[in-house]
Amino acid sequence: MTACTSKPLRSSPLTVSDSDNASDESQQQKKAHDKVLKSGQDKHLLEQTSCSRNVGVEENRPYNQSHPYSSGFSSDDGTLKVLFSPSSFFDVETMPLEKKGPLRELGGSYNNYRLHPEFVSGILRFVNFTIPAWFQNPVTAKPVGVYSEPCSANVKVRGKGYLTDNMKVMSAPSTFAILGADKFVRRKGSLVESSYHICNRQRCLLNRLRLLCSTRKIKAPFLLVFNFVLPWGNFLMYSCRPDGDLGGPFNSKNSNEPDEKALRSFLQGSKLYRDSRLKLISSINNGPFVVKKMVGSKPAIIGQKVETSYFGSIEEGYIEICLDVCKGSKLAHSITSAVCGHADHVTVDVGFTIEGTAKEFLPERLLCNIRLHHMALKKGCVTLDDWEKHFDY
């Protein structure tokens, strides 16, 4: 394995105590997971959720005192531990780039979460997603039905002098790190609009995450959610910022950096401004030529292609961006149909950035990036209602 070529800022070694026993609420998460496994209603779902208990960190293993992440610290009132800060350092290795072999699709993908290890072992291992990360179980053959987070250094974005020379450069590591991903089908007879604003539901991931963080006395991070509203359901990707101030979306140490200015302007901007800046960068990493040609790799201002809605705010601790493909152009429909029709044979990269239209916002930097490996988005899915009913709290 080789490390990503990007060099994040270093900080002090991790100095946190060993993981304590799970709280009552965490035990309820485990029971909810077991309830899903015992229900036997959906074999495909059972295969996927069975991975969620192992996230690459042994459950009873003490923390490595020499781990390269920065240590957590208490907030001003001394009640919540903050694991995300501007001094956070993520040094996660990536898989080697290979031209052949079953693991070549994982080339350039991180081999673990880009998050504080205490957050991973104390919070994420109790959170269930319908789509597992590839590293949750050993992979010896072609990855199928999983996601990975590719290193953004392999993605080209607008460079510092793009407005004059049209030159693109490799992106710095994405600002937000992937937490997880979900897919759901819509209940028959339900309106498409029922798939909007998932974070407003009582048992949504946002609330489950906040409950766990509160129980463990850890400050919950700001959540960035992309919600693809598809003709049959939803695909959701969740991310947070590893180096944000007090777990928030901004980093004060980088306040003068172009990408930081672009992010602040975007999150504080109007819907019209956001629609004109949010850029989708997608490509077929592996798949039939006809699908590759149809999807292409040219970035698109997605807010001008499909109906886009924004929910939440900086103050509310989350932003959910709903991209309604159902109300998109005919081209968007045809691309979606083509990709889903060959889902078992396609590996697709989906990334977002904020378009730099002025010198002060260049070079660009990816917001977040995910890779879906042979993901059957319609097969083996449950409805969101059926999924959430397994969580009893």
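What counts, and where the lines are drawn
Residues numbered from 1 in each chain as written. Predicted model: local features only at pLDDT ≥ 70, side-chain atom pairs only at ≥ 80, totals over all residues. Heavy atoms only, no water. Helix = DSSP H or I, 4+ residues; strand = E, 2+ residues; numbered from the N terminus. Buried < 20%, exposed > 50% of the residue type's maximum accessible area, 1.4 Å probe, protein only. Contact = heavy atoms within 4.5 Å. Areas by Shrake-Rupley, 256 points an atom, 1.4 Å probe, with all protein chains shown as cover. Salt bridge = Lys/Arg side-chain N within 4 Å of Asp/Glu carboxyl O. Patch = residues over 30% accessible without salt bridge, like charges linked within 9 Å, V, L, I, M, F, W, Y side chains within 5 Å. Lys, Arg positive; Asp, Glu negative; His and termini not counted. Charge placed at Lys NZ, Arg CZ, Asp CG, Glu CD. Pairing = 2+ DSSP bridges. Axes fitted to C-alpha atoms, helices over the stretch in contact; angles between N-to-C directions. pLDDT = per-residue confidence, 0-100. Polar contact = N/O pair within 3.5 Å; in protein donor to acceptor, adjacent residues only side chain to side chain. Disulfide = S-S within 2.5 Å. Phe/Tyr/Trp six-rings, centres within 6.5 Å; stacked < 30°, edge-to-face > 60°.

K.L.:
I tried to follow the overall build of the protein chain on my own but got confused; where do I start?
P.N.:
Across its full length, the protein chain carries 10 helices and 16 strands. Burial analysis of the protein chain (393 residues in total) assigns 55% to the buried set. A separation of at least 24 residues holds for 73% of the contacts in the protein chain among residues at least 6 apart in sequence. For the protein chain, the exposed area adds up to about 17,600 Å²; of that, 51% sits on carbon and sulfur atoms.

K.L.:
Quick question: what am I supposed to make of the pattern of salt bridges here?
P.N.:
Opposite charge on two side chains permits pairing when their charged atoms draw close. Evaluation of the coordinates by the stated rule reveals 16 salt bridges. Of the charged contacts in the structure, one is a salt bridge between D243 and R241, with a shortest N-O distance of 2.8 Å. Accessibility expressed as a relative area gives 1% for R241, which makes it buried. As a salt-bridge pair, E260 and R241 come within 2.8 Å of each other at their nearest N and O atoms. Of this pair, E260 sits in helix α6 (residues 258-268) while R241 is found in the loop between β10 (233-240) and α6, placing the two residues 19 residues apart along the sequence.

K.L.:
What is the right way to read a positive patch on the surface from this model?
P.N.:
On the surface, K156, K168, K298 and K305 cluster together into a positively charged patch. Mapped onto the elements of the fold, K305 is located in the loop between β12 (300-301) and β13 (307-313). K305 gets classed as partly exposed once you look at its relative accessible area, which sits at 48%.

K.L.:
Is there a simple way to explain the sheet that holds strand β8 (residues 177-185) in this structure?
P.N.:
Within a beta sheet, neighbouring strands are joined by backbone hydrogen bonds and run either parallel or antiparallel to one another. Strand order in the open sheet formed by 5 strands is β8-β10-β9-β14-β13, and the pairing between neighbours is mixed. On the outer flanks of this sheet lie β8 and β13, each paired with one strand and no other. In this sheet, adjacent strand axes meet at a mean angle of 15° when their direction is disregarded. Contacting β8, β9 (223-229), β10 and β14 (318-324), helix α5 (residues 205-215) crosses the sheet at an angle of about 155° to β9.

K.L.:
In this structure, what is going on with the confidence of the model for the protein chain? I would like to understand it.
P.N.:
Do not read the fine detail of predicted coordinates wherever pLDDT is low. Overall, the prediction assigns the protein chain a mean pLDDT of 78, with 74% of residues at 70 or greater. Across residues 5-23, where pLDDT falls below 50, the model places 49 contacts with residues more than four positions away in sequence or in other chains. Across residues 32-77 the pLDDT falls below 50, and counting only partners more than four positions away or on other chains, this stretch makes 119 contacts in the model.

K.L.:
I keep staring at the environment of R114 and nothing clicks. Help me out?
P.N.:
Checked against the element boundaries, R114 lands in the loop between β4 (93-94) and α3 (117-122). The exposure class assigned to R114 is buried, which follows from its relative accessible area of 0%. Put simply, R114 and F176 are 62 residues apart on the chain and 9.1 Å apart in space, counted from C-alpha to C-alpha. Reaching out from R114, the side chain makes a polar contact with the side chain of E149 at a distance of 2.9 Å. Within the structure, R114 has its side chain in polar contact with the backbone oxygen of F176 (distance 3.0 Å).

K.L.:
Explain the state of the cysteines here, please?
P.N.:
Should the sulfur atoms of two cysteines be covalently bonded, the bond is a disulfide. Scanning the model with the defined rule gives 0 disulfides in all. Note on C213: no disulfide assigned, nearest cysteine sulfur contributed by C240 at a separation of 9.3 Å.

K.L.:
How do you make sense of the sheet that holds β12 when you look at a structure like this?
P.N.:
Ordered in space as β5-β16-β15-β11-β12, the 5 strands form an open sheet in which the pairing is antiparallel. Edge strands, defined here as strands with exactly one partner in the open sheet, are β5 (146-148) and β12. Relative to strand β16 (residues 366-373), strand β15 (residues 347-354) runs antiparallel, the two being bridged by 7 bridges. In the sheet register, V348 faces β16, and the bridge partner there is L372.

K.L.:
Mind showing me how you'd approach the pairing of β16 here?
P.N.:
When a strand is regular, its side chains alternate between the sheet's two faces. Taken across its 8 residues, β16 has 8 buried, putting it largely inside the fold. Pairing geometry for β5 and β16, over 3 bridges, is antiparallel. Looking at the pairing, S148 lines up with R371 of β16.

K.L.:
Just to check I follow, could you spell out the packing of aromatic side chains for this structure?
P.N.:
Geometrically, a pair of aromatic rings is defined through the distance of the ring centres and the angle of the planes. Evaluated as defined, the whole model comprises 8 aromatic pairs. With a centroid separation of 5.1 Å and an interplanar angle of 75°, the aromatic rings of F84 and F119 are classed as edge-to-face. One end of the pair, F84, is in the loop between β3 (81-82) and β4; the other, F119, is in helix α3, and 35 residues separate them in sequence. Neither F84 nor F119 differs from the other in exposure class; each is buried. Aromatic pair F228 and F352: ring centres 6.0 Å apart, planes at 40°, arrangement tilted.

K.L.:
I would appreciate a short explanation of unusual backbone geometry in the present structure.
P.N.:
When glycine is set aside, most residues are seen to have a negative phi, and most peptide bonds are trans. That bond from L362 to P363 is cis: its omega, 5°, falls within 30 degrees of zero. Relative to the elements of secondary structure, P363 occurs in the loop between β15 and β16. You will see that K217, though not glycine, has its phi angle at about 60°, which is positive. Along the chain, the position of K217 falls in the loop between α5 and β9. The exposure class of K217 is exposed, given its relative accessible area of 53%. We note that H374 has phi near 45°; this positive angle belongs to a residue other than glycine.

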